[in-house]
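A look at the structure
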Amino acid sequence: MWRLRRAAVACEVCQSLVKHNSGIKGSLPLQKLHLVSRSIYHSHHPTLKLRRLQLKTSYQQFSSLTNLPLHKLKLSPIKYCYQPRRNFWPARLAARLLKLRYLILGSAVGGGYTAKKTFDQWKDMIPDLSDYKWIVPDIVWEIDEYIDFEKIRKALPNSEDFAKLAPDFDKIVESVSLLKDFFTTGHKLVSEVIGASGLLLLLGSLGETAFRATDHGSESDKHYRKVSDKEKIDQLQEELLHTQLKYQRILERLEKENKELRKLVLQKDDKGIHHRKLKKSLIDMYSEVLDVLSDYDASYNTQDHLPRVVVVGDQSAGKTSVLEMIAQARIFPRGSGEMMTRSPVKVTLSEGPHHVALFKDSSREFDLTKEEDLAALRHEIELRMRKSVKEGCTVSPETISLNVKGPGLQRMVLVDLPGVINTVTSGMAPDTKETIFSISKAYMQNPNAIILCIQDGSVDAERSIVTDLVSQMDPHGRRTIFVLTKVDLAEKNVASPSRIQQIIEGKLFPMKALGYFAVVTGKGNSSENIEAIREYEEEFFQNSKLLKTSMLKAHQVTTRNLSLAVSDCFWKMVRESVEQQADSFKATRFNLETEWKNNYPRLRELDRNELFEKAKNEILDEVISLSQVTPKHWEEILQQSLWERVSTHVIENIYLPAAQTMNSGTFNTTVDIKLKQWTDKQLPNKAVEVAWETLQEEFSRFMTEPKGKEHDDIFDKLKEAVKEESIKRHKWNDFAEDSLRVIQHNALEDRSISDKQQWDAAIYFMEEALQARLKDTENAIENMVGPDWKKRWLYWKNRTQEQYVHNETKNELEKMLKCNEEHPAYLASDEITTVRKNLESRGVEVDPSLIKDTWHQVYRRHFLKTALNHCNLCRRGFYYYQRHFVDSELECNDVVLFWRIQRMLAITANTLRQQLTNTEVRRLEKNVKEVLEDFADDSEKKVKLLTGKRVQLAEDLKKVREIQEKLDAFIEALHQEK
C-alpha cells in the first residue's frame, strides 16, 4: 500500500508541475517526465481517469543533479494490480536516449557564459527538493553504465564550431530583462544546466497548492484549491492590466520623446541647416488631390472615389471633440446644445515642426499653442460656415478646407459633418433634417470612405439616429469604425455595465464595424485643454471597472489608440484604391481629349480662367485705345452731341420768344436774360451728361465692334457685363460743372464777331439749325393733316376724319397768314372764333384746342421760312455789323445769337475734351481694372459670363489632367515610402 500511496503522490506532484509551469512552451504530459508514473496504476487516485498513457518525448528545460550520488538500478517486479510491459521498457528508454544529439546540442548552447554567470543566482531560487529524490527513477543515476559518453564526446565537433551555432547571449540577456516584469513571482522557472552529461531535467517551482495535495480524499482541500485558483486568476488579470498600462505609459513617453526629436529635426530643416528642400508630405499631396476633386464637375461623381475619414454622429454626440483630440487642439467653435457645425469641414492632419493651422485659400498661420490664435481660428471657422449658408437655410454642403500640422500628428484626412438631428427646432429651415441626411449620404456612399461613427455613451442607445444611417450605407461594416464617447458618464449613470459592453461589441445596434472604441472627451468643460483631457482619460481607464473586468480591451480605449487605428485603416484604404482611381482618370482624359480634337481642332484648350485672362487683356487694350482718340474727333462728337441735346431749348425757349419782339434792343435783352438763366441752371449739367454719354458710346464702340477674324464671340457677354458695371461705377468729377459754368458764361457774354469768316460760319450754323427745325415741323404737319393729293393718287392712301379736320383748319389758318405775314405768334380769341365759324360754314366741326395746336405748327413753319429768308439777307450784313449801323434797316441780331451759341459749343467741347483725356478716361480705365479684378475673384460670375460647351470641355480637360498629374505624383511618392 505504501508504494501505491507514493505513486499517487508522485502523480499529483507531476500534475502540479505541469499545471504551474506556465513559462514552459508546449504541453508536457506527466508520464513523459517521470518513468515511474507509467509503472503505477493511476486509477487508484480518485481524481484521475483510467486511460492508457501514450508514450511521447517532449522536454523544455532541465536541472543539474550531478551532485546526487548514483545508485544501482534495481529492477524489481511490480505486483500491484496493473502489470505493464516491463520486458520492453529498456528498449524504449534506449530509443529515446539515442536522440542525444538534441540533448547535447541543448546543453552546449545553454552551457555557455550566461549559464555559469547566473548559476549561483538560479540555484538560490530553487526550493529544497531533497525530500523528493525518490520521484526520479534510479536509472537516471546509473545511465552512465549503459551509455558510453566518452565516445559520443569525441564524435561531437569542437568548441569553435559550436560557437558559430551559439546565439548572441548579450541580446538574450536584454530580452530576459525586458520580459522579467511580465511574469509573476508565484510562477518562476527554475532550471540547472549540467555539463558533460548533456541531460537537462526540468523542474518547476512547486506552488503552495501542489504541496498541500497530501490528503486526496479531503473535500476541504479541493475547495481551497478552487478558491486559490480563482484568486490567482483575478490576481493575474489585475497584474496584466497594470502591466499593459505600464507599458502604455512607457510607449507614450517614448512617443513623446520621439515627437520632440522629430520636432527638432523638422525645425532644423525648416531653418535651412541642411540646405535642402523638404519634399511635400504624402498627406499634403493627397489633400491637394481632394481639393482639386472638390472643384471638379459633380456630374462625373469622381470626387467621391478617393478615401477620406467621414466623421458622422448625432448632434452633440462628441464628433467635434473626438476630432479635436485627434488634432490635439481645440480648433472648432463650441456651443451648448446649439448646432455649431453648419457645413462640412475637411481637416488634413500632417506632421510638422510647429503646431499650426491654415486654410486652403489663405496664407495666415494660426499658432495652436496660443489661446488667442485658437480663439481667432474658431471665430474664422464660424464666419466661414455662416457665410457658406445661403439665405433661408441652416446648413450648407460647401466644404471648408483646413490644414493642421504638428509634431506627432497622425497623417489622415477627416471630414467633420453636421450632426444628424431627429427634430427641426425653431429657427431652423424646414428642410434642415433632409439636407443633413443628404450631405451625410453624399460622403458616406463613397465606397472608399472610412465612416467614423460617433455614439454618445451617456444616452440611451435606442435614441441614436446615425447608426441606422450608417448601417444603410455600410451594411457589412467593412469600412466603419464605431466610437463610444463619454464613457465616464456612461459608467457612472448606466445601471448595467454589461450594456456598455454590448454597445462596444455592436450587439445593441443593427450596424457592423471593423473596430469598436471607447473614449473620454473631457469633463464637459469647454475651457479644458487637450493635455488635461488626455490625462483625465488615462486616469479614468486606469481605474475603470470596464477595463478591469475585461469588458473592454486595452487597445479599444483612449483617443490615441483610436487615432492610430483610424490612420492605419485610412492608409490601407488609400493604397488599395488610389491606383484604380488614377486609371479611371486616364480613361476620362483620353475621352475628353478625343472629343476636343473632333469639335475644336484649331483652337487651344483654354479653360475658364485662361479665357478670362485673354478677355481681360482685350478689354484693357480697348480701354487704352480711348486715349488714342484724336482731340479733333473728341471735340467734333462732343459739339455735335451737345447741340443735339440743347438745340430744342435754344430754338424754342430763347430764339423764338426773342424773335417775337419788335426791336433789336428788346431782342438782345431777352436773349441775355434767357442765356444767363440757362447757363446758371441747366447748361453745365447738360454738357457733363453729354460728355459722359459720349465717353460711354466711344467705350462701347471699342468694346463691341468686330475685330475681323480674330473676334471671338465667346467674350461678348463678359465684355458687356464689364462695360455696364464700369459705367455704373464711374462718376464724373463734381468740380467739372463749376469750372464749366464759368467758361460757358464768359463765352456767351462775348458778342464781337471778329471777321467775315466767323460771320459766315454763324449764318451757316443758323441755316442748318433752322432748316432742321423746318424739316421737323413739316413732318409734324404732314402727320397731322395726312398725305397730300400726290401720295393719295400714287400710293393709294386716304386721310382719316381727324386728319381731314386738321387739313381744313390748316388751310384756313394759312389764308389768315397770307393776309398778315407779320402776325404774332399767338391767336386772339376773336380770331379763333372766326376760324371756327368759317369751318362750320363748310360743315367742319372743330374745337378751339384743335385750332391752337394746328396754328402752332403752321405759324412755326411760317416763322422758320421767314427766318431762313432773313439769313440770306444777312450774308451781306457783316459790313453794317462791323460799323455798328444800328439804324440800318437790316438787323442781324439773330446771327449774333447763333454765333454766341456756336462759340459756346466750341469752347465747351474743348473743355470737355480736356477733362476726358486728362482725367475721365484714366478714371474709367481704373474702374474697368477694378471690375475685372472683382470678376476674377468671383468664380460664380465667371461661370455665368463664360459659358458654352467649348468652355466646359476645356475646363473638364484641365481638371482631369491636373488630378491625374497629382495622383501620379502621389502614387510615386507612396511607392518610394514603401
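Now for a look at the structure at hand. Keep in mind it's a predicted model, so treat the numbers as computed, not measured.

1. Regarding the overall build of the protein
- When its secondary structure is counted, the protein shows 36 helices and eleven strands.
- When burial is assessed residue by residue, the protein has 43% of its 978 residues classed as buried.
- Taking the intrachain contacts of the protein between residues at least 6 apart in sequence as the baseline, contacts between residues at least 24 apart amount to 80%.

2. Observations regarding the nonpolar core
- Core analysis: the largest hydrophobic core is formed by 99 residues, its most contacted members being Trp-643, Tyr-655, Trp-678, Leu-695, Leu-770, Ile-901 and Val-928.
- For this core, the leading source of residues is helix H34 (residues 893-937), giving 17 residues.
- Apart from residues no more than four positions distant in its own chain, Trp-678 is found in contact with Val-646, His-649, Val-650, Ile-654, Leu-683, Pro-684, Ile-901 and Met-904.
- Core analysis: the second largest hydrophobic core is formed by 67 residues, Leu-306, Ile-331, Leu-953 and Phe-970 among them.

3. A look at the pairing of strand S3 (residues 309-313)
- Among the five residues in S3, five count as buried, and that is most of the element.
- What you see with S3 is no split at all: Val-309, Val-311 and Gly-313 on one side and Val-310 and Val-312 on the other are buried throughout.
- Both S3 and strand S8 (residues 412-416) contribute to a ladder of three bridges, which runs parallel. By the bridge assignment, Val-309 is partnered in S8 with Leu-414.
- Pairing of S3 with strand S9 (residues 450-456), which is carried by five bridges, proceeds in the parallel orientation. By the bridge assignment, Val-311 is partnered in S9 with Leu-452.

4. Topic: the packing of helix H23 (residues 631-659) against helix H25 (residues 683-704)
- Closest axis-to-axis distance for the H23/H25 pair is 9 Å, and the angle between their directions is 125°. The orientation of H23 with respect to H25, classified from their angle, is oblique. For the pair H23 and H25, the sense of crossing is right-handed. Of the residues in H25, those touching H23 at His-633, Trp-634, Ile-637, Leu-638, Ser-641, Leu-642, Arg-645 and Val-646 are Leu-683, Lys-686, Ala-687, Glu-689, Val-690, Ala-691, Glu-693, Thr-694, Leu-695, Glu-698 and Arg-701.

5. Considerations on the sheet that holds strand S11 (residues 515-518)
- Taking strand neighbours across the sheet as the criterion, the nine strands line up as S6-S5-S7-S4-S8-S3-S9-S10-S11 in an open arrangement whose pairing is mixed. Two strands close off the open sheet at either side, each with one partner strand: strand S6 (366-367) and S11.
- For strand S5 (residues 356-359) and strand S7 (residues 400-405), the ladder comprises four bridges, and the chain directions are antiparallel. Residue pairing for S7: Phe-359 is matched across the bridge by Leu-402.

6. Focus: the state of the cysteines
- Scanning all chains against the criterion turns up one disulfide.
- At a sulfur-sulfur separation of 2.2 Å, the disulfide partner of Cys-874 is Cys-892. Measuring the twist about the S-S bond at about -105°, one finds the Cys-874-Cys-892 disulfide to be left-handed. Of this pair, Cys-874 sits in helix H32 (residues 848-874) while Cys-892 sits in the loop between helix H33 (878-882) and H34; the two residues are 18 residues apart in sequence, bridging distant segments of the chain.
- A relative accessible area of 0% places Cys-874 in the buried class.

7. Brief notes about the packing of aromatic side chains
- Here the structure, examined in full by the defined rule, presents 15 aromatic pairs.
- An angle of 70° between the planes, with centres 6.0 Å apart, marks the rings of Phe-765 and Phe-898 as edge-to-face. With Phe-765 in helix H28 (residues 756-785) and Phe-898 in helix H34, this pair connects stretches of sequence that are 133 residues apart. Note on accessibility: Phe-765 and Phe-898 belong to one class, buried.
- Taken together, the ring pairs connect Trp-643, Tyr-655, Phe-765, Trp-855, Tyr-859, Phe-863 and Phe-898 into an aromatic cluster.

Rules behind the numbers
- Residues numbered from 1 in each chain as written.
- Predicted model: local features only at pLDDT ≥ 70, side-chain atom pairs only at ≥ 80, totals over all residues.
- Heavy atoms only, no water.
- Helix = DSSP H or I, 4+ residues; strand = E, 2+ residues; numbered from the N terminus.
- Buried < 20%, exposed > 50% of the residue type's maximum accessible area, 1.4 Å probe, protein only.
- Contact = heavy atoms within 4.5 Å.
- Core = buried A, V, L, I, M, F, W, Y, C linked by side-chain atoms within 4.5 Å.
- Pairing = 2+ DSSP bridges.
- Axes fitted to C-alpha atoms, helices over the stretch in contact; angles between N-to-C directions.
- Parallel < 35°, antiparallel > 145°, perpendicular 65-115°, else oblique.
- Left-handed = near helix turned anticlockwise from the far one by under 90°.
- Disulfide = S-S within 2.5 Å.
- Phe/Tyr/Trp six-rings, centres within 6.5 Å; stacked < 30°, edge-to-face > 60°.

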